[in-house]
Amino acid sequence: MNSYQRVFSALDLDIPDRVPIFECSLASNIIDALAPGGALEDVVDLYDLDAVCHREAYRYEKVDEEKQFFRDEWGLVVRLEENVMPTPVGHPVRTEADFEKLAPPNPRDPFRLAKHAHAVKRYKREKPVVLGMTDAFSIPWKLRGMDMFLVDLLENPDFAKRIIALVVDYNCRLVQHAAELGVDIVRLTDDYAFNSGPCMSPEMWVEFIQPGLRQIVEVAHGAGLKVVKHCCGNLAGLAEPILDTGVDALHPIQPLPTQSLADFKHRFGKRVCLIGNVDCINVLSSDSRELVVEEVRRCIREGAANGGYMISSSNAFHSGTLPQNLGRMVEAARSLGRY
């Protein structure tokens, strides 16, 4: 099997020739350390990773260079920091009047998915090309601010639903554009949970977030794309309603005292492909080959039986992980991930 066949076999809950390595988030300092002066694709080629994933791109205009504050195309003021996601520091929708003036970005701007178009030409049918994008929660709360948005869910639910609908419409059009370019998989990256549990009740999530997520999944499936749902934190009460939207895979199944890959495999392994669980906080940040190998061994033991599993970090190779641990994880996965 090549990488494309291997990944799609796992997504179809079949047994590929080996456990696929689906590491789709590498911080820029990790890329620089492993391929000095290179790009993500150079690391993908160097380690023969089984997928190549880029996030959608935004244009930024300078707000305060000293503080590294920039405004994106949604009107969000963000702080750009090396190796981490932009941090929102200014929220453009303070009133309903602000919302009426809001103009979403153009999902078909050639800049938006330029890296994906290049990757499709380079890897089509050899490695799946993955679009990392938002779904129905993160942009709405960033437009309003987390505190105001969560209050809206209680006190102004119709307004909250209007914001969500606008964002979901944009994301559906982005998915359609990605499919036309030849992208294979969308990876929806909104987080709904802390380590202690979801940031809203499951009932509220079903009312407000699930419909938009389901709409994006249906558009993706209608365009022939698979859908990976990413959500960090403790998914207590959310795993079932997330799976009810029809997603093809769940990532990254963060290892927590109250949440394990073995439990998810037992409960959901015949229903959805599971991805991840290699501890990126305590293991991939530690300079110990033995720890990495044992963690990979555990994940394969708990997740790989009967197929439907892909290995990756429990979130990302973030800026605090050690670059050499990518090679250690890949080597162990290739050695131990045979059926």
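Worth saying up front: this structure is predicted, and the values here are computed from it rather than measured.

Chemist: Explanation requested: the sheet that holds strand E11 (residues 249-251) in the structure shown.
Modeler: Whether parallel or antiparallel, the strands of a sheet pair through hydrogen bonds between backbone atoms. Reading across the sheet, the seven strands line up as E1-E6-E7-E10-E11-E12-E13 and stay open at both edges, with parallel pairing between neighbours. Taken across any chain shown, the strands that pair with only one partner, and hence form the sheet edges, are strand E1 (52-55) and strand E13 (309-310). Pairing analysis gives two bridges linking strand E12 (residues 273-275) to E13, with the strands arranged parallel. Across the sheet, Leu-274 pairs through a bridge with Tyr-309, a residue of E13. The strands touched by helix H5 (residues 114-123) within the sheet are E1 and strand E6 (129-133), with E6 carrying the most contacts at an inclination of about 165°.

Chemist: How do you make sense of the sheet that holds strand E2 (residues 61-64) when you look at a structure like this?
Modeler: Spatial strand order, E2-E3-E4-E5: four strands in an open sheet with antiparallel pairing. Of all the strands in the sheet, the pair left with one neighbour each is E2 and strand E5 (87-90). Between one strand and the next, the sheet's axes are offset by a mean angle of 40°, whatever the strand orientation. Note: strand E3 (residues 69-71) against strand E4 (residues 77-79), three bridges, orientation antiparallel.

Chemist: Is there a simple way to explain the side chain of Asp-50 in this structure?
Modeler: With respect to the helices and strands, the residue Asp-50 is situated in the loop between helix H3 (40-47) and E1. Reaching out from Asp-50, the side chain makes a polar contact with the side chain of Ser-3 at a distance of 2.6 Å. Only 2.9 Å separates the side chain of Asp-50 from the side chain of Arg-6, close enough to count as a polar contact. Excluding its chain neighbours within four sequence positions, the residues that come into contact with Asp-50 are Ser-3, Arg-6, Val-7, Arg-18, Pro-20, Ile-21, Lys-127 and Pro-128.

Chemist: Would you mind going over the environment of Val-227 with me for this structure?
Modeler: Relative to the elements of secondary structure, Val-227 occurs in strand E10 (residues 226-230). Residues Val-227 and Asp-184 lie 43 residues apart in sequence; the distance between their C-alpha atoms is 9.1 Å. Look past the residues within four positions of Val-227 in its chain and what remains in contact with it is Val-186, Leu-188, Val-217, Ala-220, His-221, Val-247, Asp-248 and Ala-249.

Chemist: Would you mind going over the packing of helix H12 (residues 261-268) against helix H13 (residues 289-303) with me for this structure?
Modeler: Think of two packed helices as two axes; the pair is described by the angle between the axes and how far apart they sit. It is at 8 Å that the axes of H12 and H13 come closest, and there the two elements cross at 20°. The angle between the axes of H12 and H13 places the two elements in the roughly parallel class. Crossing hand, H12 versus H13: right-handed. For the pair H12 and H13, the contacting residues are Leu-261, Ala-262 and Lys-265 in the first and Cys-299, Glu-302 and Gly-303 in the second.

Definitions and limits used
Residues numbered from 1 in each chain as written. Predicted model: local features only at pLDDT ≥ 70, side-chain atom pairs only at ≥ 80, totals over all residues. Heavy atoms only, no water. Pairing = 2+ DSSP bridges. Helix = DSSP H or I, 4+ residues; strand = E, 2+ residues; numbered from the N terminus. Contact = heavy atoms within 4.5 Å. Axes fitted to C-alpha atoms, helices over the stretch in contact; angles between N-to-C directions. Polar contact = N/O pair within 3.5 Å; in protein donor to acceptor, adjacent residues only side chain to side chain. Parallel < 35°, antiparallel > 145°, perpendicular 65-115°, else oblique. Left-handed = near helix turned anticlockwise from the far one by under 90°.

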